[in-house]
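# Summary of the model geometry
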Amino acid sequence: MKGRSMAQELLGKPVIAALKEDLTRRVESLKGNGVVPTLAIVRVGEREDDLSYERTALKRAEGLGIEVRRFVLAEDAGQDALMDVIAQVNDDSGIHGCLMFRPLPSAYDEEAACEALCPAKDIDGIGRAALAHVFTGRGEGFAPCTAAACLEMLDAHGIDAAGKRVVVVGRSLVVGRPVAMMLLERNATVTVCHSRTEDLERTIREADIVVLATGRARAYGASCFREGQVVLDVGINVDAAGNLCGDADFEAASAAVGEAGAITPVPRGIGGVTTSVLMKHVVEAAEKTVF
Ligand code: NAP
């Protein structure tokens with residue numbers, strides 16, 4: 001790697017700051033109209049990654065003047081208790097959006113819980129109505145926040161996906177598929193890869209923009225990339241040494257794409273932007289009740 005120039009780092013911080021400036025103004029305007037934008041957080045159990053996301057969301061909401069109401073259930077509370085909480089969220093006109101941590105413990109019917117949430121409050125795109133909107137462009141609904149965060153990142157750094165070859169690695173409904181659809185909507189030429197894709201490295205190398213969303217710690221190294229590529233690393237993983245890392249081997253990928261390319265680091269990349277997008281969706285949901 002010696003002698004090779006490293007890629008531009010696409011940091012979440014300026015994106016988060018720009019969103020904060022915009023949302024602060026919009027929250028003030030809502031409050032001027034007597035509405036306090038309010039997020040419900042529904043958590044079942046005490047999973048450490050849920051708690052960590054919850055702490056970040058609480059802090060981000062507080063900084064923007066968004067209220068948060070938490071609904072916390074014991075891991076063994078049961079499906080009926082969860083459905084009651086979702087009904088309560090749906091019926092409360094003071095709540096504008098809901099974040100429900102997933103995966104739910106295995107004893108729960110997650111699909112039933114996702115479908116029970118009223119589409120207008122589904123700010124993380126977990127229900128079919130929201131996904132139908134993302135996939136068809138028809139109807140209304142919010143895209144899953146992480147997928148939307150990838151587009152915020154590109155927009156904020158002035159990267160236009162139109163006409164570009166995009167390779168998305170990962171096909172989950174939370175990240176891979178929705179981000180692929182959103183980039184297609186932006187006129188990118190999109191290829192979606194997964195665990196059965198043959199010659200994955202070659203396919204990734206052909207892309208102008210790569211989205212990594214597989215949850216494989218540092219799995220994509222120098223041989224996957226070429227000069228000038230933009231790499232959005234959505235993965236949030238913990239390596240053998242206990243450090244947070246992405247799906248890309250950051251150092252190797254950064255050297256391979258070089259100074260003509262760009263890459264999001266993990267942490268300090270997409271993850272924090274996702275929380276800001278969540279807040280943006282709460283504000284949008286609240287605005288729909290007023291304006
Ligand atoms: P997921 O549901 O487990 O999906 C993983 C995807 O990766 C699947 O489509 C799988 O393919 C594919 N995959 C697995 N091994 C592969 C391989 N060897 N080669 C190519 N593809 C492979 O995960 P997810 O929920 O989408 O999350 C993906 C990552 O993003 C995780 O690290 C997660 O922590 C992170 N994440 C970050 C945020 C954020 O805010 N930044 C939010 C959500 C998730 P198959 O479909 O063939 O199994």
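Residues numbered from 1 in each chain as written. Predicted model: local features only at pLDDT ≥ 70, side-chain atom pairs only at ≥ 80, totals over all residues. Heavy atoms only, no water.

Our focus in this paragraph is the site of the ligand. Lining the immediate environment of the ligand, one finds 20 residues, of which T146, R171, S172, S195 and I236 sit closest. Measuring from a nitrogen atom of the ligand, one finds a side-chain N or O atom of R216 at 3.3 Å. Bound to the protein, the ligand loses 68% of the 930 Å² it would expose on its own. Each residue belonging to the shell around the ligand can be placed in one class, and the counts come to seven nonpolar, eleven polar and two charged. (Near = heavy atom within 4 Å. Polar contact = N/O pair within 3.5 Å; in protein donor to acceptor, adjacent residues only side chain to side chain. Areas by Shrake-Rupley, 256 points an atom, 1.4 Å probe, with all protein chains shown as cover. Nonpolar A, V, L, I, M, F, W, Y, C, P; charged D, E, K, R; others polar.)

On to the packing of aromatic side chains, then. Throughout the structure, instances matching the rule amount to one aromatic pair. Seen in terms of ring centroids, Y53 and F101 are 5.8 Å apart; in terms of plane orientation they differ by 65°. Their pairing is edge-to-face. One end of the pair, Y53, is in helix α2 (residues 48–64); the other, F101, is in the loop between β4 (97–100) and α4 (110–116), and 48 residues separate them in sequence. The class for Y53 is partly exposed, based on a relative accessible area of 21%. Its relative accessible area of 4% is what places F101 among the buried residues. (Phe/Tyr/Trp six-rings, centres within 6.5 Å; stacked < 30°, edge-to-face > 60°. Helix = DSSP H or I, 4+ residues; strand = E, 2+ residues; numbered from the N terminus. Buried < 20%, exposed > 50% of the residue type's maximum accessible area, 1.4 Å probe, protein only.)

Turning our eyes to something else, we now look at the confidence of the model for the protein chain. Of all residues in the protein chain, 99% attain a pLDDT of 70 or more, and the chain-wide mean is 97. Per-element mean pLDDT across the protein chain ranges from 95 in strand β9 (residues 237–238) up to 99 in strand β5 (residues 165–169). (pLDDT = per-residue confidence, 0-100.)

On to helix α9 (residues 250–257). Because an α-helix packs 3.6 residues into every turn, residues spaced three or four apart end up facing the same way. Buried residues dominate α9, accounting for six of its eight residues. For α9, the set of buried residues is A252, A253, S254, A255, A256 and V257. Looking at the buried positions of α9, the neighbouring elements they touch are β8 (230–233) and β11 (262–263). Phi for G258, located one or two positions after α9, is positive at around 70°. (Contact = heavy atoms within 4.5 Å.)

With parallel pairing, the three strands of this open sheet are ordered in space as β3-β2-β4. If you trace the sheet from one side to the other, it starts and ends with β3 (67–73) and β4, each paired once. Neighbour to neighbour, the strand axes of the sheet diverge by 20° on average, direction disregarded. Both strand β2 (residues 38–44) and β4 contribute to a ladder of four bridges, which runs parallel. Among the inter-strand pairings, V42 is bridged to a residue of β4, identified as M100. Along the sheet, α2 contacts β2, β3 and β4; its crossing angle with β2, the most-contacted strand, is approximately 170°. (Pairing = 2+ DSSP bridges. Axes fitted to C-alpha atoms, helices over the stretch in contact; angles between N-to-C directions.)

Turning to helix α7 (residues 176–185), its buried residues are G176, P178, V179, A180, M182 and L183. Turning to α7, the residues buried within the fold contact α5 (128–136), α6 (145–156), β5, β6 (189–193) and β7 (209–212). N187 occupies a position one or two residues after α7 and carries a positive phi of about 70°.

What follows is about the nonpolar core. Ranked by size, the top nonpolar core spans 53 residues in total, and within it L39, I66, L183, V211, L232 and M279 carry the most contacts. Looking at this core element by element, the count peaks at nine residues for helix α10 (residues 270–290). Beyond its immediate stretch of four places on either side in the chain, L232 contacts L10, C150, M153, L154, V210, V211, L212, T264 and I270. (Core = buried A, V, L, I, M, F, W, Y, C linked by side-chain atoms within 4.5 Å.)

The next thing to look at is unusual backbone geometry. A cis amide bond links R102 to the next residue, P103, at an omega of 0°. Looking at the secondary structure, you find P103 in the loop between β4 and α4. Although it is not a glycine, N187 sits at a positive phi angle of roughly 70°. Within the secondary structure, N187 sits in the loop between α7 and β6. A positive phi is found at R268, a non-glycine position, where the angle reads about 85°. Positionally, R268 belongs in the loop between β11 and α10. Given a relative accessible area of 52%, R268 falls into the exposed group.

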